[in-house]
Amino acid sequence: MKADSRTSAEAADKHSLLVFGCVLDGTGGCRLVAWDDVQDWQPAHPEEVLWLHLDRTAEGAAEWIHRALPASEATIDVLISNETRPRVFREEDGLVCILRGVNFNPGDEPEDMIAMQVWAEKSRVVTLRRRRLQTPRDVLARLQETGNGPKTAGDLVISLTKELVDKINSAIVDMNERIDELEADAADARPDDLLDEIGGIRRTCLAFKRYLSPQYDALAQLQRDPPDWMSHGNRNTIRETLDRLSRYLEDLDVSKESALVLQDDLNNRAATQMNRTMFVFSIIAAIFLPLGFVTGLLGINVGGMPGVDSGAAFWITVVILAVIVGIEFMLFRLMKWL
């Protein structure tokens, strides 16, 4: 039965507005529901909560949302908009959350964070996505497979938020591990081979902070003004999630600074290596400058050149040049250039 349910959910994922829908039974489990079942849904008992996960880019999405949700035009525009800066606000008994999660889709970059819009009431939660996001699937799997999932609408909103934040941590940990590997390899690798990757890590940190800082503010607003249907335990979980998100922001600052220090070190090594190379070239040029002057002077094709008629003149010239080179080496050593 579960395999058939997952197959149906995957088909909906590709072909309809409904990615999946389920009814929370109030004990940590759920049952999947089809699109036709949710149009006039009413809870069979007070503990039931309807959860709809929708693709807001599907045909008819905006029309259904306008018709089905008891929200103002401005709020609905927020729910279907592509302007998805993280924020949280209430509209009467409804809660609107705009959150961002790490992009783990194949071929995409994690820092290209995916938006998830949430409309929540006491007995109904609607989540909206534009691109595939793993977090709702994970929460659904916990409901189906373990029976230890969220029990209320407040639990569901908090579970989704907590999953989003936890996945952010895994991306930051992977990035920090990569920075540690680069620091270990920096002594033996060519600076040019690492600088591009270091620059990418710094851009990743900035991209994460672009969304995580307003997401922290949004969750802080939820902690200050939660709806009445959120339990005391939900509010405590929000506090703990805020604390973790604060630590992740601090970790991002540390990662950015570590990448900057490593980048500066690599740039200094590259500059030192370049200066050393230029110094060697300068020494070579300084050695051959007087030799070039002597050979150039002796190479002018005018009358009166000494040694023109002498068979030993060439070897005498070679000895003179060798003496000049020896004197130069002595001078360079005295000047500590060599």
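The coordinates are above.
My aim in this report is to walk through the structure given alongside it, one point at a time. Here the structure is a predicted model, which means the values were calculated and not measured.

1. Here we look at the packing of aromatic side chains
Summed over all chains, the structure comprises three aromatic pairs. Centroid distance F314 to W315: 5.0 Å. Interplanar angle 75°. Geometry classified as edge-to-face. A relative accessible area of 52% means that F314 is categorised as exposed. Overall, W315 belongs to the exposed group, its relative accessible area being 58%.

2. Some remarks on the packing of helix α8 (residues 232-298) against helix α9 (residues 313-334)
Where α8 meets α9, the closest approach of the two axes is 10 Å, and the angle between their N-to-C directions is 155°. What the angle tells us is that α8 and α9 run roughly antiparallel. Here α8 and α9 pass one another in a crossing that is right-handed. Contact residues: I283, A286, I287, P290, L291, V294, T295 and L298 in α8; T317, L321, I324, V325, E328, F329 and F332 in α9. Split into classes, the residues belonging to the contact of α8 with α9 amount to twelve nonpolar, two polar and one charged.

3. Quick notes on the sheet that holds strand β6 (residues 114-120)
Strands sit in the order β2-β1-β3-β7-β6-β5-β4 across an open sheet of seven strands; the sheet is mixed. A single partner strand is all that each edge strand has here, and the edge strands are β2 (30-32) and β4 (87-91). Across the sheet, the mean angle from the axis of one strand to that of its neighbour is 15°, orientation sign disregarded. In this structure, β4 lies alongside strand β5 (residues 94-101), joined through five bridges in antiparallel fashion. Bridged to F89 within β5 is V96. Across the sheet, helix α6 (residues 153-185) lies against β1 (18-24), β3 (49-55), β5, β6 and β7 (124-129), angled at about 15° from β5, the strand it touches most. Those strands touched by helix α7 (residues 191-224) are β4 and β5, and its axis lies near 155° from that of β5.

4. Considering the pairing of β3
Among the seven residues in β3, seven count as buried, and that is most of the element. Of the two faces of β3, the one carrying V49, W51, H53 and D55 and the one carrying L50, L52 and L54 are both buried. The pairing of β1 with β3 spans six bridges and is antiparallel. Each residue of the ladder has a partner; that of L18, found in β3, is L54. The sheet contact formed by β3 and β7 spans six bridges and is parallel. The partner of L50 across the bridge, within β7, is R124.

5. Quick notes on the nonpolar core
Residues W51, L95, V125, L212, M230 and L252 are the most contacted members of the largest nonpolar core, which totals 59 residues. Elements that contribute at least two residues to this core include exactly β1, β3, β5, β6, α5 (134-146), α6, α7 and α8. Not counting residues within four places of it along the chain, the set of residues in contact with M230 comprises L95, G154, V157, I158, L222, R235 and I238. L50, L52, V78 and F89 belong to the second largest nonpolar core, which has 24 residues in total.

What counts and what doesn't
Residues numbered from 1 in each chain as written. Predicted model: local features only at pLDDT ≥ 70, side-chain atom pairs only at ≥ 80, totals over all residues. Heavy atoms only, no water. Phe/Tyr/Trp six-rings, centres within 6.5 Å; stacked < 30°, edge-to-face > 60°. Buried < 20%, exposed > 50% of the residue type's maximum accessible area, 1.4 Å probe, protein only. Axes fitted to C-alpha atoms, helices over the stretch in contact; angles between N-to-C directions. Helix = DSSP H or I, 4+ residues; strand = E, 2+ residues; numbered from the N terminus. Parallel < 35°, antiparallel > 145°, perpendicular 65-115°, else oblique. Left-handed = near helix turned anticlockwise from the far one by under 90°. Contact = heavy atoms within 4.5 Å. Nonpolar A, V, L, I, M, F, W, Y, C, P; charged D, E, K, R; others polar. Pairing = 2+ DSSP bridges. Core = buried A, V, L, I, M, F, W, Y, C linked by side-chain atoms within 4.5 Å.

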